[in-house]
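Take a look at the letters that make up each chain.
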Amino acid sequence: FFFQAEDGIRDSVASRGLGDVYKRQILTAGYPLLSLFTDEVILSGWTDGKIRTFRTDNGDPLWNIDNAHKGGVTALDLSHNQKFIVSGGDSGEVRVWEMKTKDLVTNLKEHTARISKVYIFTDDTYALSSGKDRCILCWDLKNERRVTAHTQRMGGINSIAVFNDERLYMSTGQEKKISFWDLRQSTPTSVIATSPIPGEDDELQSISLSKDNKYFTTGGTLGVVRVWDATSQKVIGEAKAHSGCCTSTVFAPDQKQIVSTGTDGLTMIWNLFMTQYLATINFII
């Protein structure tokens, strides 16, 4: 796996320390805000508003999209046919870019604040975007129009996670709640606290589903990684992961490990042992 930080983009194997940046840092470009990768290319969004790409095997630069977003590229997703990119920016624009020509295809502007995440559906026809304006919008990319809109009761959206059926999804953010949504309904199907401890509030920065959608994992300002049962919506395991805010958590494809990152500069890998009602999380790296 790869991860990005203020000092560049790294490979977990080839990067051996803070000074050993495997993937290229652009000294005059600020720093990467996010990255994603395929077998051949790493795509990254930067604070200087550019989308930069690098070769996966050796980290050499490939191509850039200049002036993609004023104020920084804050969200990215690659279509499943790998023919276009959807990006989000600091000022609320959602934009579609053709991979081959690097041309802007569509500019979608209804959000009024920073985009926190974009998600392209498996048919490459629709996309979701979430923002700090409390809104989650579903877009018809072919017809260049919004088709649904959900609004969180208060506070901006930090992260969303979409279930495999692509009708249901979860959101979390400054409200310090986890909301469950159905794209066919205008209000959440359920809303739960971000911590099982009464009176404890955790503003989550990340929410991520396991491949089989049976579980999801969260991380936030308290630095705690939690594993939840997606059906019962109850915590089944947790670990104090980071001394600062936990910025991201994600399941490995085999669901046997979780990777978390934090503002303490650490990337941590956890072994996950699942039983019917309990998850045990052990730190390994």
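So, here's what we can say about the structure. Just so it is clear, the structure is predicted and the values come from calculations on it, not from any experiment.

Our next topic: the overall build of the protein. Helix and strand counts for the protein stand at zero helices and 26 strands. Split into buried and exposed, the 285 residues of the protein put 51% on the buried side. Residue pairs at least 24 apart in sequence account for 35% of intrachain contacts in the protein once pairs closer than 6 positions are excluded.

What follows covers the sheet that holds strand β6 (residues 61-65). The sheet built from four strands is open, its strands ordered β3-β4-β5-β6 with antiparallel pairing. Where the open sheet ends on each side, the last strands, each with one partner, are β3 (32-37) and β6. Each strand of the sheet is rotated relative to its neighbour by a mean of 20°, with strand direction disregarded.

Below, the discussion takes up the sheet that holds strand β10 (residues 104-108). Across the sheet, which stays open at both edges, the four strands sit in the order β7-β8-β9-β10 with antiparallel pairing between neighbours. Sheet topology places β7 (73-78) and β10 at the edges, where each strand pairs with a single neighbour. Here the average twist between neighbouring strands, direction ignored, is 20°.

So, about the packing of aromatic side chains. All chains considered together, the criterion is met by five aromatic pairs. Pairing Phe 180 with Phe 216 gives two aromatic rings, centres 6.1 Å apart and planes at 70°, and the pair type is edge-to-face. Of this pair, Phe 180 sits in strand β17 (residues 177-182) while Phe 216 sits in strand β20 (residues 215-220), placing them 36 residues apart in sequence. For Phe 216, a relative accessible area of 0% puts it in the buried group. An aromatic cluster is present here, built from Tyr 119, Phe 121 and Tyr 126 joined pairwise through their rings. The lysine or arginine in question, Arg 52, covers the ring of Trp 46, its NZ or CZ lying 4.9 Å from the ring centre. Taking the ring centre of Trp 63 as reference, the NZ or CZ of Lys 102 above it sits at 4.6 Å.

What the rule picks out here adds up to 11 salt bridges. For the salt bridge of Glu 110 with Arg 146, the shortest nitrogen-to-oxygen distance reads 2.6 Å. Here Glu 110, found in the loop between β10 and β11 (115-120), pairs with Arg 146, found in strand β14 (residues 145-151); they are 36 residues apart in sequence, far enough to count as distant. Here Glu 110 falls in the partly exposed class, since its relative accessible area comes to 39%. Assessed through its relative accessible area of 34%, Arg 146 is described here as partly exposed. Asp 202 serves as the salt-bridge partner of Arg 226, at 3.8 Å between the closest nitrogen and oxygen.

Once that is clear, we can look at the nonpolar core. Within the largest apolar cluster, 14 residues are counted, with the highest numbers of intra-cluster contacts made by Phe 84, Val 86, Val 94, Trp 139 and Leu 141. Taken together, the elements giving at least two residues each to this core come down to β8 (84-89), β9 (94-98), β11 and β13 (135-140). Discounting residues that sit within four places of it in the chain, Trp 139 has contacts with Val 94, Leu 108, Glu 110, His 111, Thr 125, Tyr 126, Ala 127, Ser 129, Arg 145, Arg 146 and Val 147. Formed by 13 residues, the second largest nonpolar core is a distinct cluster that contains Ile 51, Leu 78, Ile 85 and Met 99.

The rules behind the values
- Residues numbered from 1 in each chain as written.
- Predicted model: local features only at pLDDT ≥ 70, side-chain atom pairs only at ≥ 80, totals over all residues.
- Heavy atoms only, no water.
- Helix = DSSP H or I, 4+ residues; strand = E, 2+ residues; numbered from the N terminus.
- Buried < 20%, exposed > 50% of the residue type's maximum accessible area, 1.4 Å probe, protein only.
- Contact = heavy atoms within 4.5 Å.
- Pairing = 2+ DSSP bridges.
- Axes fitted to C-alpha atoms, helices over the stretch in contact; angles between N-to-C directions.
- Phe/Tyr/Trp six-rings, centres within 6.5 Å; stacked < 30°, edge-to-face > 60°.
- Lys NZ or Arg CZ within 6 Å of the ring centre and 35° of its normal.
- Salt bridge = Lys/Arg side-chain N within 4 Å of Asp/Glu carboxyl O.
- Core = buried A, V, L, I, M, F, W, Y, C linked by side-chain atoms within 4.5 Å.

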